[in-house]
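# Chain and residue survey
Below are the chains, spelled out letter by letter.
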Amino acid sequence: MDKQGYIYIITNRYNSTLYIGVTSNLIKRIWEHKNKVVDGFSKKYNLDKLVYYEDCGNIESAISREKFLKGKKRDFKNSLIESINKDWIDLYNEIQVS
C-alpha cells in the first residue's frame, strides 16, 4: 500500500516568503512548523501559516508535484494559492477537522 502524500505551502504573517513542502501526515507536519520543532528554512523565516495544500494520493506523486511547483515563479504560486484561498487565511484549522 502506498503512503498518502500531500504538498503544502506555508508562509509568514506578511505573506512575503513561501515554502513548499511534502509530507505523508499533513496535520502533524504543519503542527511541527507552527511549534518550530525542526530547525531549518521555515523556522528561520517564521513560516507557520498554511495557505495551500493538495492531496496528491501517494508520496511519489506528492514529490513530483513539489518539484514542479518549486520550479515555478512566484506569480504562479500566488495564483495557485488564491485559486482556493483568496484571502491567504491560515487553513490549519480546516485540516484538523477534515
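Residues numbered from 1 in each chain as written. Predicted model: local features only at pLDDT ≥ 70, side-chain atom pairs only at ≥ 80, totals over all residues. Heavy atoms only, no water.

## What to know about the pairing of strand 2 (residues 18–23)
Two strands pair when backbone bridges link them, and strand 1 (residues 6–11) and strand 2 are joined in this way by six bridges, in the antiparallel orientation. Looking at strand 2, one finds that tyrosine 6 is bridged to threonine 23. (Pairing = 2+ DSSP bridges. Helix = DSSP H or I, 4+ residues; strand = E, 2+ residues; numbered from the N terminus.)

## Some remarks on the pattern of salt bridges
All chains considered together, the criterion is met by seven salt bridges. With its nearest N and O atoms 2.5 Å apart, the salt bridge here joins aspartate 90 to lysine 34. Pair noted here: aspartate 90 is in the loop between helix 4 (74–84) and helix 5 (92–97) and lysine 34 is in helix 1 (residues 26–34), with a separation of 56 residues, a long-range link. One salt bridge connects aspartate 87 with lysine 86, and the closest N-O pair in it is separated by 3.7 Å. What makes aspartate 87 exposed here is its relative accessible area of 55%. (Salt bridge = Lys/Arg side-chain N within 4 Å of Asp/Glu carboxyl O. Buried < 20%, exposed > 50% of the residue type's maximum accessible area, 1.4 Å probe, protein only.)

## Quick word on the sheet that holds strand 3 (residues 49–55)
What the three strands build is an open sheet, ordered 2-1-3; its pairing is antiparallel. Edge strands, defined here as strands with exactly one partner in the open sheet, are strand 2 and strand 3. If you compare each strand with its neighbour and ignore which way they point, the axes differ by 20 degrees on average. Docked against the sheet, helix 3 (residues 59–70) engages strand 1, strand 2 and strand 3, running at close to 165 degrees with respect to strand 2. Against the sheet, helix 4 makes contact with strand 1, strand 2 and strand 3, and its axis sits at roughly 85 degrees relative to strand 3, the strand it touches most. (Axes fitted to C-alpha atoms, helices over the stretch in contact; angles between N-to-C directions. Contact = heavy atoms within 4.5 Å.)

Scope: geometric values only; no functional claims are made or implied.
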